[in-house]
Amino acid sequence: MSTYFKNLKESFEIIGFSFTKTLYICNMILNKDIAKKTAELLLQIKAIKLSPNTPFTWASGWKSPIYCDNRITLSYPAVRVFLKEEIAKIVEQQHGKPDVIAGVATGAIAIGILVAQELGVPFIYVRPEPKKHGRKNQIEGYLESGQNVVVIEDLISTGKSSLNAVEALQEAGAVVKGMVAIFSYGFDIANENFKEKNVTLTTLSNYTNLLEQASDSNYISENEINTLQEWRSDPSLWKQ
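Residues numbered from 1 in each chain as written. Predicted model: local features only at pLDDT ≥ 70, side-chain atom pairs only at ≥ 80, totals over all residues. Heavy atoms only, no water.

Across its full length, the protein carries eight helices and 12 strands. A buried classification covers 50% of the 240 residues belonging to the protein. Considering only residue pairs separated by 6 or more positions, the protein has 64% of its internal contacts joining residues 24 or more positions apart. (Helix = DSSP H or I, 4+ residues; strand = E, 2+ residues; numbered from the N terminus. Buried < 20%, exposed > 50% of the residue type's maximum accessible area, 1.4 Å probe, protein only. Contact = heavy atoms within 4.5 Å.)

With that settled, consider the packing of helix α7 (residues 207–216) against helix α8 (residues 222–233). Packing of α7 against α8 leaves a shortest axis separation of 11 Å and a crossing angle of 175 degrees. By the criterion of interaxial angle, the relationship of α7 to α8 is roughly antiparallel. For the pair α7 and α8, the contacting residues are Y207, L211 and S215 in the first and I225, L228, Q229, W231 and R232 in the second. In the contact of α7 with α8, the residues fall into five nonpolar, two polar and one charged. (Axes fitted to C-alpha atoms, helices over the stretch in contact; angles between N-to-C directions. Parallel < 35°, antiparallel > 145°, perpendicular 65-115°, else oblique. Nonpolar A, V, L, I, M, F, W, Y, C, P; charged D, E, K, R; others polar.)

Summary statistics for the protein give a mean pLDDT of 87 and a share of 87% for residues scoring 70 or more. Taken together, the stretch residues 1–30 has pLDDT below 50 and engages in 73 contacts with residues farther than four places along the chain or on a different chain. (pLDDT = per-residue confidence, 0-100.)

With that settled, consider α8. Between its first and last C-alpha, α8 extends 17 Å over 12 residues, near the 16 Å set by a 1.5 Å rise per residue. What α8 keeps buried is the set E224, I225, L228 and W231. Considered in projection along α8, the buried side chains sweep an arc of 120 degrees and stay on one side of the axis. Those residues of α8 that are exposed and aimed more than 90 degrees away from the buried face are E222, N223 and S233. Looking at the buried residues of α8, the elements they touch are β3 (48–50), β5 (63–64), β6 (66–68) and α7. (Expected span 1.5 Å × (residues − 1). Arc of directions from axis to C-beta.)

A few words now on the pairing of strand β11 (residues 175–184). With respect to burial, β11 is a largely interior element, eight of its 10 residues being buried. By the bridge criterion, eight bridges tie strand β10 (residues 148–156) to β11 in an arrangement that is parallel. The residue of β11 that forms the bridge with L155 is F183. One ladder, built from five bridges, connects β11 with strand β12 (residues 201–206); its direction is parallel. Across the sheet, the residue bridging to M179 is L201, located in β12. Since β11 and β12 lie parallel, the crossover through helix α6 (residues 188–196) that links them has a hand, and here it is right-handed. (Pairing = 2+ DSSP bridges. Right-handed = clockwise from strand over helix to strand, strands pointing away.)

Tallied over the full model, the rule gives 11 aromatic pairs. A ring pair is formed by W58 and F187, whose centres lie 6.4 Å apart and whose planes are at 50 degrees; its orientation type is tilted. Separated by 129 residues along the polypeptide, W58 in the loop between β4 (56–57) and β5 and F187 in the loop between β11 and α6 bring together distant segments of the chain. Each of the two residues, W58 as well as F187, counts as buried. One aromatic cluster is present, formed by W58, W62, F183, Y185, F187, Y207 and W231 through successive ring pairs. (Phe/Tyr/Trp six-rings, centres within 6.5 Å; stacked < 30°, edge-to-face > 60°.)

Now for α6. Listed in full, the buried residues belonging to α6 are A190, N193 and F194. Each buried residue of α6 sits inside an arc of 95 degrees when the element is viewed along its axis, so together they form one side. For α6, the exposed residues lying more than 90 degrees away from the buried face are D188, K195 and E196. At its buried positions, α6 is contacted by β10, α5 (160–171), β11 and β12. With its phi angle positive at about 55 degrees, N198 sits one or two positions after the end of α6.

What follows covers the side chain of T203. With respect to the helices and strands, the residue T203 is situated in strand β12. Side-chain polar atoms of T203 contact the backbone oxygen of S205, separated by 3.1 Å. (Polar contact = N/O pair within 3.5 Å; in protein donor to acceptor, adjacent residues only side chain to side chain.)

Here is the structure:
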C-alpha cells in the first residue's frame, strides 16, 4: 500500500479503496473500480461539479450540467499522489517506459511533472501555439528527434487542443506513443478525432463511470441523472 494511505495527517482521506494492477482504458474498462474511484474523488473534492438544474456555460457557448477543473486535485496531496501513480501505471503498461513525458499546457503541466517524476524520465510541455517572442518555442524543455513520448492531459472534451500538442511533437521529430488523461466526457467527436489522427487515448475515468458513481453514492437523484444523460446525447444543442 502506498505511504500516503498510511498518513493520517493528509489533508484529504481516501476511503475504502484497494489497489489492483488492472487499469481503465478509454472506451474499454479493464478495472471499473479505478474508474469509479477516480470519479468519486473528483466529485468529493469538487474538481467535478454536477448542476443539472443550474447549468454552466462553457467557453464554447455550450450549456452544460457538468464542469470539470482537475487542477483542483493539486490541492489535495493524497488525491494527486493517487492520480500520478495510476497514470504512471497506465503509461508503463500501455506504452512501456517512455523517453519523455509531455504535458499539455496549461492544465496538464503539473500532473505531467508528477508522472514524469514517478517514472524517473524527463518532462517537457507543449503550448497551444509558439510564443510570440524570445525563442518562439511551442515545446518547452529538451526533446531529441526520435525519442518516444507519452502525452499527459487532464481533461478530454473534443480532443482538438490535445491533438494539436501531439502534432507539434510529431513535427519536432518525437514518436508519440499515445496519450493518457485523467477524465474524458467521451464525446463521439473526440473518439473520431483521435481515431483520425491514429492516437491511442487512455483515461482513468469518463462520463459513464462518473454517472454510475454519482448514482451509487446518492450524489444526484434519478431525475438529475436522466438530465445528465440527455445532455450527453447532444451537448451542443442542450438547453439552446
